[in-house]
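For reference, the chains in residue letters:
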Amino acid sequence: MYTLKTFIAVITIVIASAFTTTSNGYKVGDIATDFNLKNVDGKMVSLANYKNAKGFIVIFTCNTCPYAVAYEDRVEALNKKYASKGYPVIAIMPNNTDVKPGDNMEAMKARAKAKGFTFPYLMDEGQKIYPQYGATKTPHVYLLQKTKKGNQVKYIGAIDDNYQDAAAVKTKYVENAVDALLSGKEISEKETRAIGCSIKV
Amino acid sequence: MRILTYLLIILLVSCKDKPEATNSAAKIENDNVEESIELEVYDFDGLQKYLSTTTDKIYVVNFWATWCAPCVKELPYFEELNYKYADKNVEVILVSLDFPNKYESKLKPFIISKNLKSKVVALNDVDSNTWIPKVHETWSGAIPATIIFNKNKRQFYEQSFTYNELETEVKQFLK
């Protein structure tokens, strides 16, 4: 009887923890929502605007997180490499700007200009989009592929395996995933994890 | 490679002293930092000795960084807990995820200025995709994050704490 109780307790914990990790946001295979968010150039951007795209590299990022800053040049490089191949970068800033004024629209504009971002850098006004995706931190990547059902999540996680030194990267998770999609192959690593700054609510 | 990196850091730090010698105030501050703090830096394998125990102690391990505002905000609660529960066999360990190039300029001065009494160690291991799930399967990688454990059980929290919340969790382990 005791062991049965323990067993039930363990199962309950397992189920509960499974729910806490998976109920919030998308898993690989889910259809991701589109959005209509303001870009640093003042225009509104939706995924639906990109008629010729094959998919999207959606990256939740910001100005103020050292990890996000460490990846800025690599995010720009991703867009340069893959926008023309049908996978543009769409960056979304998810933080509450009352908590992080350094991430407000003026600061985003300044950052985009200083760094010469060629991708849209959007404000998640009202913080409605990142919870649907299930982003918890910056930077946090969702690779989407256009399908008949909608934009399907193909990869979730980190950009690569070395936030400190782009030159010392061993595995470029996002590039590998996009390359796999472009060549119609199975993505080998569909989910990765990295340290990041918690999204400020 | 790691040794090379350290050598390089030492070289850089020692080089940095020269131009600062003209600025006496900065020089003194710099010397203080170097004299008074020894920072333990680990890769994940090295850190693992702090992530489990066979003793009767309860460990509260908090992952933080000086640049993480919610982490800095909750640090005093961990300090308070470490102080108040020291006689109840509870120990707080603060694992800094500051970048190695900020150890001297940010982390050590922070430890001194905040007068942190809990043990602070630095984790320098870029392969986070490998080690994050080893800390806890559910950790997305966002900080602050905290793990509380004794030899029988462990709990993981990807959240910020108030003092009361933290104390409540630790009391679960004292029962």
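Residues numbered from 1 in each chain as written. Chains lettered and ligands numbered in written order. Predicted model: local features only at pLDDT ≥ 70, side-chain atom pairs only at ≥ 80, totals over all residues. Heavy atoms only, no water.

In the annotation of an unreviewed UniProt entry, chain B is listed under the name Thioredoxin domain-containing protein and assigned to Aquaticitalea lipolytica.

Chain A goes by Thioredoxin domain-containing protein in an unreviewed UniProt entry, where it is assigned to Aquaticitalea lipolytica.

Caption draft 1: Up close: the side chain of D124 of chain A. Residues and elements named next belong to chain A. Mapped onto the secondary structure, D124 falls in the loop between β6 (121-123) and α5 (129-133). K128 provides the closest opposite charge to the buried, unpaired D124, separated from it by 7.7 Å. In this view, D124 contacts L37, I92, M93, P94, I129 and Y130; residues no more than four positions away in its chain are not counted. (Helix = DSSP H or I, 4+ residues; strand = E, 2+ residues; numbered from the N terminus. Buried < 20%, exposed > 50% of the residue type's maximum accessible area, 1.4 Å probe, protein only. Lys, Arg positive; Asp, Glu negative; His and termini not counted. Salt bridge = Lys/Arg side-chain N within 4 Å of Asp/Glu carboxyl O. Contact = heavy atoms within 4.5 Å.)

Caption draft 2: Representation of the interface of chain B and chain A in the model. Each side of the interface is counted separately: chain B has 25 residues, and chain A has 22 residues. Interface area for chain B against chain A, summed over the two sides, is near 1,900 Å², with a carbon-plus-sulfur share of 58%. For R193 of chain A, the salt bridge goes to E137 of chain B, with nearest N and O atoms at 2.9 Å. Joining chain B to chain A, the criterion identifies ten residue pairs in polar contact (both at pLDDT 80 or more). Elements represented by at least two residues in the side of chain B that touches chain A include exactly α4 (69-84), α6 (128-135) and β5 (142-143) of chain B. No other element matches the five residues that α6 of chain B contributes to the side of chain B that touches chain A. Where strand β10 (residues 196-198) of chain A meets β5 of chain B, two bridges bridge the pair, whose relative direction is parallel. Along β5 of chain B, the bridge assignment pairs C197 of chain A with I143 of chain B. (Buried area = accessible area lost by both parts, 1.4 Å probe. Polar contact = N/O pair within 3.5 Å; in protein donor to acceptor, adjacent residues only side chain to side chain. Pairing = 2+ DSSP bridges.)

Caption draft 3: A look at the environment of N176 of chain A. Its location among the elements puts N176 of chain A in helix α6 (residues 173-182). Each C-alpha atom, one on N176 of chain A and one on K190 of chain A, is 9.9 Å from the other, the two residues being 14 residues apart in sequence.

Caption draft 4: Structural context of the side chain of T146 of chain B. Residues and elements named next belong to chain B. Residue position: T146 is located in strand β6 (residues 145-149). Judged by relative accessible area, which is 0%, T146 ranks as buried. A polar atom in the side chain of T146 sits 3.0 Å from the side chain of N62. Setting aside its immediate chain neighbours within four residues, T146 contacts V60, V61, N62, F78, Q155, F156, Y157 and F161.

Caption draft 5: Spatial organisation of unusual backbone geometry. The amide bond that connects T138 of chain A to the next residue, P139 of chain A, takes the cis arrangement and shows omega of -10°. Of note, P139 of chain A is situated in the loop between β7 (137-138) and β8 (140-147). Of note, the bond from I143 of chain B into P144 of chain B is cis; its omega dihedral lies within 30 degrees of zero at 10°. Note that P144 of chain B resides in the loop between β5 and β6. Positive phi, close to 55°, is recorded for Q127 of chain A, a residue that is not glycine.

Caption draft 6: The packing of aromatic side chains, seen in detail. Tallied over the full model, the rule gives 20 aromatic pairs over all chains. With a centroid separation of 5.4 Å and an interplanar angle of 85°, the aromatic rings of Y133 of chain A and Y142 of chain A are classed as edge-to-face. Here the two residues Y133 of chain A and Y142 of chain A agree in accessibility, since each one is buried. Above the plane of the ring of Y85 of chain B lies K88 of chain B, whose end atom (NZ or CZ) is 5.1 Å from the centre. Lying across the ring of F149 of chain B, R154 of chain B places its NZ or CZ 4.9 Å from the centre. (Phe/Tyr/Trp six-rings, centres within 6.5 Å; stacked < 30°, edge-to-face > 60°. Lys NZ or Arg CZ within 6 Å of the ring centre and 35° of its normal.)

Caption draft 7: Summary view of the sheet that holds strand β4 (residues 119-123) of chain B. Residue and element names in this part refer to chain B. Within the open sheet, the six strands sit side by side as β1-β4-β3-β2-β6-β7. Their pairing is mixed. Of all the strands in the sheet, just β1 (40-42) and β7 (154-157) have a single pairing partner and so form its edges. Averaged over all pairs of adjacent strands, the angle between their axes in this sheet comes to 25°, without regard to strand direction. Two elements, strand β3 (residues 90-96) and β4, share four bridges in a ladder whose sense is parallel. Counted as the bridge partner of L94 is V120 from β4. Contacts from helix α5 (residues 103-113) reach β1, β2 (58-64), β3 and β4, with the element oriented near 160° to β4. (Axes fitted to C-alpha atoms, helices over the stretch in contact; angles between N-to-C directions.)

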